[in-house]
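Close look at the chain arrangement
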Amino acid sequence: MDIVVKGRKTEVPERFRKHVAEKLKLEKIQRLDAKVISLDVEVSKEPNPRQADRCDRVEITLRSRGPVIRAEAAASDPYAALDLAAEKLDARLRKQHDKRFSRRGARRISAAEVPDHVPGAATLNGSGLPVYEEETDGVPTKKIGSLEIKGEGPLVVREKTHVASPMTLDQALYEMELVGHDFYLFVDSETKEPSVVYRRHAYDYGVIHLSTDPMIAEAQAQPPAAGGTLGG
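Residues numbered from 1 in each chain as written. Predicted model: local features only at pLDDT ≥ 70, side-chain atom pairs only at ≥ 80, totals over all residues. Heavy atoms only, no water.

Regarding its fold elements, the protein presents six helices and eleven strands. Considering only contacts in the protein between residues 6 or more positions apart, those separated by 24 or more positions represent 45%. Counting only carbon and sulfur atoms, one obtains 53% of the accessible surface of the protein, whose full area is about 15300 Å². (Helix = DSSP H or I, 4+ residues; strand = E, 2+ residues; numbered from the N terminus. Contact = heavy atoms within 4.5 Å. Areas by Shrake-Rupley, 256 points an atom, 1.4 Å probe, with all protein chains shown as cover.)

This is the structure:
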């Protein structure tokens, strides 16, 4: 298995590629997860000068026969961002490794217990509000319609496509916490329909299921009616 390093709208120097190979030691990663299939490192740069202290972002994605593990971080240079992201990846790998061997055969954890067993889950402050890893950086934001733009823009929409196997709601919740996101799109193993699980507040979670309207599906399946021309 090789480490794939790529840049998104930025060039990745050979010196940084070598540093990635030294920082993300494959032998160590494979000891924690022997079923690793691929390891991708994506580097991007924020052109907004107001975000100079967080202008370089590194996202590490580890795919294996188990759940996908993702870690990302931003800093003033790509090397510092890589160090932070590598620390998060190592913590999540160790958590997954420990859970696999120490909780094998045990009961599944509930949503309320997820933060105790999965890294990246929200914790509460003294006021009962969630505390997140990254603090706001003081950059002003503005709204255009339903979209929020940080600083002066430009607006950037990232698009990704993932291959997914049907899974249960509990597994989707677990994988959402594993990648450190606030939502997770999955295919429900019972209904075979797309669904989204998301964090609402504190340790409370929600789920949205999508189903096809049978009337619309039937109308779309019918062939168009034959038509003629209008004559005067």
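So, about the nonpolar core. Soluble globular proteins tend to pack their nonpolar side chains together in the buried interior. If you look at the biggest cluster of nonpolar residues, it comprises 26 residues, and the most contacted ones within it are Leu 24, Val 58, Ile 60, Leu 62 and Leu 89. Those elements that provide at least two residues to this core are helix H1 (14-23), helix H2 (26-32), strand S2 (36-45), strand S3 (56-64), strand S4 (69-75), helix H3 (78-102) and helix H5 (169-179). One finds Met 176, Tyr 184, Phe 186 and Tyr 205 within the second-largest nonpolar core, a separate group that totals nine residues. (Core = buried A, V, L, I, M, F, W, Y, C linked by side-chain atoms within 4.5 Å. Buried < 20%, exposed > 50% of the residue type's maximum accessible area, 1.4 Å probe, protein only.)

Moving on, we come to the side chain of Thr 61. For Thr 61, the position within the fold is in strand S3. Since its relative accessible area comes to 6%, Thr 61 is described here as buried. Among the polar contacts listed, one links the side chain of Thr 61 to the side chain of Arg 70, at a separation of 3.3 Å. When near neighbours in sequence (up to four residues on either side) are disregarded, Thr 61 contacts Ser 38, Leu 39, Asp 40, Val 68, Ile 69 and Arg 70. (Polar contact = N/O pair within 3.5 Å; in protein donor to acceptor, adjacent residues only side chain to side chain.)

Right, let's talk about the sheet that holds S2 for a bit. Sheet architecture is open: four strands sit in the order S1-S2-S3-S4, paired in mixed fashion. Only two strands of the sheet have a single neighbouring strand rather than two, namely strand S1 (3-8) and S4. Adjacent strand axes in the sheet meet at a mean angle of 15° when their direction is disregarded. Here S3 pairs with S4 via seven bridges, running antiparallel. (Pairing = 2+ DSSP bridges. Axes fitted to C-alpha atoms, helices over the stretch in contact; angles between N-to-C directions.)

Turning our eyes to something else, we now look at the environment of Thr 168. Its place among the elements puts Thr 168 in the loop between strand S8 (147-150) and H5. In sequence terms Thr 168 and Val 187 are 19 residues apart; their C-alpha atoms lie 8.3 Å from each other. Thr 168 has contacts with Phe 186 and Ser 189, leaving out every residue within four places of it along the chain. For Thr 168, the side chain forms a polar contact with the main-chain nitrogen of Gln 171, separated by 3.3 Å.

On their own, these measurements won't tell you what the molecule is for.
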